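Read off the chains here:
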Amino acid sequence: MKLLKYILLFFGLGVVIWLIVDTGFDNILAQFRWLGMNSIWFLLPYCAVYACDCYGWRFSFARHIHLPSFVKMFRIRLAGEAINYTTPAAYIGGEPFKALMLSKTNVLLSHSLASVLIAKFLMTVAEVLFIIIGIQLAFLSFANRDLLIALIIGLLLFGGVLWLFFLLQRRGLAKFLSKGIQKIRVAQQWLQSYEKAIAEFDIVLAQYYEEKKQLGIACCCFFLSWCCGSMEIYIFLTLMDQ
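For the structure given in this document, a descriptive report is provided here. (Residues numbered from 1 in each chain as written. Predicted model: local features only at pLDDT ≥ 70, side-chain atom pairs only at ≥ 80, totals over all residues. Heavy atoms only, no water.)

### A closer look at unusual backbone geometry
The residue Asn106 is not glycine, and still its phi comes out positive at about 70°. Structurally, Asn106 is set in the loop between α5 (94-103) and α6 (109-141). (Helix = DSSP H or I, 4+ residues; strand = E, 2+ residues; numbered from the N terminus.)

So, in structure tokens, the structure goes:
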């Protein structure tokens with residue numbers, strides 16, 4: 001395990017060095033000189049985003065689950081997001097890693113896996129709410145109403161998909177998926193060995209969505225995260241206007 005950590009560490013350093021060389025050290029230095037001390041303002045929104053996301057993840061567990069410290073979960077989330085950003089895994093490759101690492105802190109794997117799914121789902125719900133508010137503001141100042149109407153239609157369709165996925169989580173997502181996989185003969189024996197874990201995973205999902213307070217706080221955290229993320233664009237445009 002230690003060897004794997006060192007390999008990944010050197011791989012990560014290699015990627016960073018390659019990016020610096022490819023971009024050009026002089027170009028990077030010139031940008032820092034142009035921004036000066038203002039460059040630190042770019043880091044603040046991302047720090048706020050990751051903090052809000054980590055709090056949202058913590059509230060994606062049932063209240064009775066004993067979780068590790070915020071700092072430890074922040075580090076796990078940061079490592080998982082690094083995998084999401086640096087590997088061609090459609091931004092979901094780091095989620096199983098988060099669940100696996102969290103399960104090593106005495107949190108059951110079924111709860112860890114359910115939490116990353118719940119957090120990803122609630123983050124998407126918060127994003128939709130954020131976009132809805134943005135569209136409402138755009139109606140007040142944007143002249144192209146046809147484009148806005150098309151955006152609303154697309155948002156409604158996407159919202160319908162989210163609602164169906166929510167219902168599927170309440171009624172047994174893992175069981176539904178396992179029925180489809182069972183049609184593959186090779187996977188039948190494998191699924192039978194994990195039948196108990198699949199049932200437990202569905203129970204964890206169903207129980208969480210009964211906890212309205214946890215659900216509401218998690219959504220608020222993720223919504224605040226999207227708001228903080230938009231501040232990066234505002235800061236960039238403000239500095240460009242100098």
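### Remarks on helix α4 (residues 70-86)
The first and last C-alpha atoms of α4 sit 24 Å apart over 17 residues, in line with the 24 Å expected at 1.5 Å per residue. Every buried residue of α4 is accounted for by Met73, Ile76, Arg77, Gly80, Glu81 and Asn84. All buried residues of α4 project into a common sector of 135° when viewed along the axis, lining one side. Exposed side of α4, more than 90 degrees from the buried face: Val71, Arg75, Tyr85 and Thr86 are the residues found there. Contact partners of the buried residues in α4: α3 (43-58), α5 and α6. (Expected span 1.5 Å × (residues − 1). Buried < 20%, exposed > 50% of the residue type's maximum accessible area, 1.4 Å probe, protein only. Arc of directions from axis to C-beta. Contact = heavy atoms within 4.5 Å.)

### Here we look at the nonpolar core
Residues Trp57, Phe61 and Leu122 are the most contacted members of the largest nonpolar core, which totals 36 residues. At the level of secondary structure, the elements contributing two or more residues to this core comprise α3, α4, α5, α6, α7 (145-171), α8 (173-181), α10 (195-208) and α11 (212-240). Considering each element in turn, this core owes the most residues, 10 residues, to α6. For Leu122, the contacting residues outside a window of four places in its chain are Ser60, Tyr208, Leu215, Ala218, Cys219 and Phe222. (Core = buried A, V, L, I, M, F, W, Y, C linked by side-chain atoms within 4.5 Å.)

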